[in-house]
Structure formats: structure tokens, C-alpha cells
Amino acid sequence: MLSHPKNWFSCCAQMSVERVQMFTKAKLFWSLIFSLTALFFSGPTLSESSPTEGYTQTRFPVILVHGLFGFDDILGVGYWHGIPDALEEGGAQVFVAQVANAQSTEVRGEQLLSQVEEIIALTGAGKVNLIGHSHGGLTVRYVASVMPEIVASVTTIGSPNKGTKVADLIRKVPEDSVSEAALNAMVKAFALLVDYMSGGGYSQDPLAALGSLTTKGVAIFNQQHPAGLPKEPCGEGALNVEGVYYFSWGGNRILTNILDLSDPALKTSSWAFGNEDNDGLVSSCSSRLGKVIRDDFPMNHLDQSNMIAGLSSVFGTDPIAVFRSHLNRLKTLGL
């Protein structure tokens, strides 16, 4: 049974009693560590914003969709750290979707579509607001394209809407080579581990995921699902297509928090973009879709979903505040 919207999919996953016992103590430990760390070293918190009742109370439910190697919750660590709770405190009804963390956009899209239909049946809302981070942005675009009548809005965050040069670089590994097979095996093992620990139960295909994120792969996807795409390089797309509102935002800062061990890795991957503004994995121009909120938030790719226990920039924009402001925007539009 549904006990809490944002935890619905993880709660409904079949988890053995042994797994629960094994993870309970670790979950409590890591929750405490990450919470204390985020309290002292992360950016501005929600308490600094005026807690307006109903500020994020959108007309339609909100569904958050993770990106590549994403999850809902692992050992108390959430992909969307603190965001669902903050949005619900303002009145929103929030669900956290879980799809295959390494699959093609189309496979992930069909998985998400099934969950959207279940949520609509459960809530009786008729439509949903879809918010996708990274590969999740392409995933929500797929759903809105094939069934626009059940989608009120699409918001992509740090999404490679024109592909990413990081995927292009990795795809240079010769196809059907020993190197490709070895790399695929390692990545698939990691993807399956993430899936197992988050209770997903999905098959994983890293090569399909990689193909979906390359410049060539996304160009093919965009031919079939063009809604919201800018007509000019680094421009804005249409706000409303077939009754669906399109929004996007992205970042252009890499090293944002000295305690975040993922920052150096993102700095390394950012070299694929040369002098082009990027968040470590996606260029600022590629992140643009529909009405662009900003493509230069002082956030790297992981900051945008408040991942790594909310270790974003101490002096930058609070990711949670950006989400709250956006839901208020959707609310104002009657979405």
C-alpha cells in the first residue's frame, strides 16, 4: 500500500527480510553522517527561505526522474537529497520514480510511462509534472512526446538535450572490441549493484545508455521527439507544445565544495568540453530546452539534484531553493 508518495516505488519493491536487516544499521549510520556534514558544510538551507504555506502546491503531482546510474535511495542516501521533503512541506505531492539506471532513453521512457499511468490512476489527477535530471530529462521528454495528454509540464535539469561530448569521447572505444567488452562488463556490474541496492529489479544495458547520450544518439532521438528544442544553437525553445509546458536549467561550475569527493572527477570529465561552459558532464548549451530558467547556475552536474548529501557550493545558489521556486512557477501557471 502507498504510505508516502515519494517512497512509493522503493516501498513497493520486493525486498527480502535479510536485506532489510543488513542495511538498517548502515542506513542509520550514513544518514547521521551525511546529515551532520550537510548541516555544517553545504550551501544555504531551506530555513533561510520564508516558509510560505502552499508555496509549492502545484495542481498536478510532481514526478522526479533520475539520470544515468541514478536511484531513489541507497542506505539512507537520496539521489534528490532533501528535495522531495522540501517540496512536500510547501504543499506539493511528490513521487520519486525509479527506472533502469543504465538503459536506452526509449526503454527508460516506457518504464516511466507505466509509472506515470499508475500515479494518475492512484491520484486521479489526470496529468503530472515531470522533472528529470541528466538522462532523466530525455526520459521525461519521451513520455511527454508519446502521451502529451497526460503531461502538464516537462522540466529538464542538466540534461544532454543535444548530447554530451563525454559520451562521444567514451564511444570512441572501438565497437565489438575487447576493450569495449571489458568496459561494458565493469560498468554493467556497477549498474546492477546500484539497481540491487536501491531495489529496482531492472535489466541494465550500459552500451545502449551510452548510445542514447552521444551527440549522434540524441540527434536521432530529437528527430522523433523535437518538442521544446531550441531552433538556434544555445537558444530557447517553445514554452508550450501540444499543451505541455517545457522548462530547463543547468549549471556551469565544476569545483563547488572542497568536501565533495566527486568534484575532482567532474573536473577531469569537463576537459572534454574545452573552453565551452559545462557542469562537468553536460555543456550549458546542451542543457537548454523550452523556457530556459538559467544555464549558468553555480552548480556542477551532481549539485543540480542536491546529490552527495547536499554538498553544493557554500556561496552559491541552494538547489532546494531553485526547485521550490520552480514549483511555485508551475503553481502560478495553474499546473
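Refer to the structure printed above.
All values reported here derive from a predicted model rather than from experimental measurement.

Draft legend 1. Molecular detail of the nonpolar core. With 31 residues, the main nonpolar core has L64, W80, I83, L87, I131, F323 and L327 as its most contacted residues. Sequence-distant contacts of F323, that is, excluding residues within four places in its chain, are made with L64, W80, I83, L87, I131, I157, W249 and Q304. Core analysis: the next-biggest nonpolar cluster, separate from the first, contains 30 residues, I120, V143, L213 and F221 among them.

Draft legend 2. Just helix α7 (residues 178-197), in detail. With 20 residues, α7 ought to run about 28 Å at 1.5 Å a step, and its terminal C-alpha atoms sit 29 Å apart, in line with that. Along α7, the positions that sit buried rather than exposed are E180, N184, A191, V194 and D195. Angular distribution of buried residues about the axis of α7 spans 95 degrees; they occupy a single face of the element. Residues of α7 that are exposed and point more than 90 degrees away from the buried face comprise V178 and M186.

Draft legend 3. Examining helix α5 (residues 135-146) more closely. Over its 12 residues, α5 extends 17 Å from the first C-alpha to the last, a length consistent with the 16 Å expected when each residue adds 1.5 Å. A large share of α5 lies buried, amounting to 10 of its 12 residues. What α5 keeps buried is the set H135, G136, G137, L138, T139, V140, R141, Y142, V143 and A144.

Draft legend 4. Inspection of the pattern of salt bridges at higher detail. Inspection of every chain in the model, using the stated rule, returns four salt bridges. Its salt-bridge partner being K165, residue E276 comes within 3.1 Å of it at the nearest N-O pair. Taken as a pair, E276 in the loop between α10 (263-270) and β9 (291-297) and K165 in helix α6 (residues 165-170) lie far apart in primary sequence, 111 residues in all. When its relative accessible area of 38% is taken as the criterion, K165 is described as partly exposed. One salt bridge in this structure joins D295 and R288, with 2.9 Å as the shortest N-O distance. Neither residue differs from the other here; D295 and R288 are each classed as buried.

Draft legend 5. Region of interest: the packing of aromatic side chains. With the rule as written, the count across this model stands at five aromatic pairs. Pairing F69 with F190 gives two aromatic rings, centres 5.4 Å apart and planes at 75 degrees, and the pair type is edge-to-face. One end of the pair, F69, is in the loop between β1 (62-65) and β2 (73-74); the other, F190, is in helix α7, and 121 residues separate them in sequence. Under the relative-accessibility criterion, F69 is labelled partly exposed at 27%. A relative accessible area of 41% means that F190 is categorised as partly exposed. An angle of 90 degrees between the planes, with centres 5.8 Å apart, marks the rings of F71 and Y79 as edge-to-face. Comparing F71 with Y79 shows no difference in burial state: the two are buried. Within the aromatic cluster, the residues linked to one another by ring pairs are F71, Y79, W80, W249 and F323.

Reading the values: rules and limits
Residues numbered from 1 in each chain as written. Predicted model: local features only at pLDDT ≥ 70, side-chain atom pairs only at ≥ 80, totals over all residues. Heavy atoms only, no water. Core = buried A, V, L, I, M, F, W, Y, C linked by side-chain atoms within 4.5 Å. Buried < 20%, exposed > 50% of the residue type's maximum accessible area, 1.4 Å probe, protein only. Contact = heavy atoms within 4.5 Å. Helix = DSSP H or I, 4+ residues; strand = E, 2+ residues; numbered from the N terminus. Expected span 1.5 Å × (residues − 1). Arc of directions from axis to C-beta. Salt bridge = Lys/Arg side-chain N within 4 Å of Asp/Glu carboxyl O. Phe/Tyr/Trp six-rings, centres within 6.5 Å; stacked < 30°, edge-to-face > 60°.

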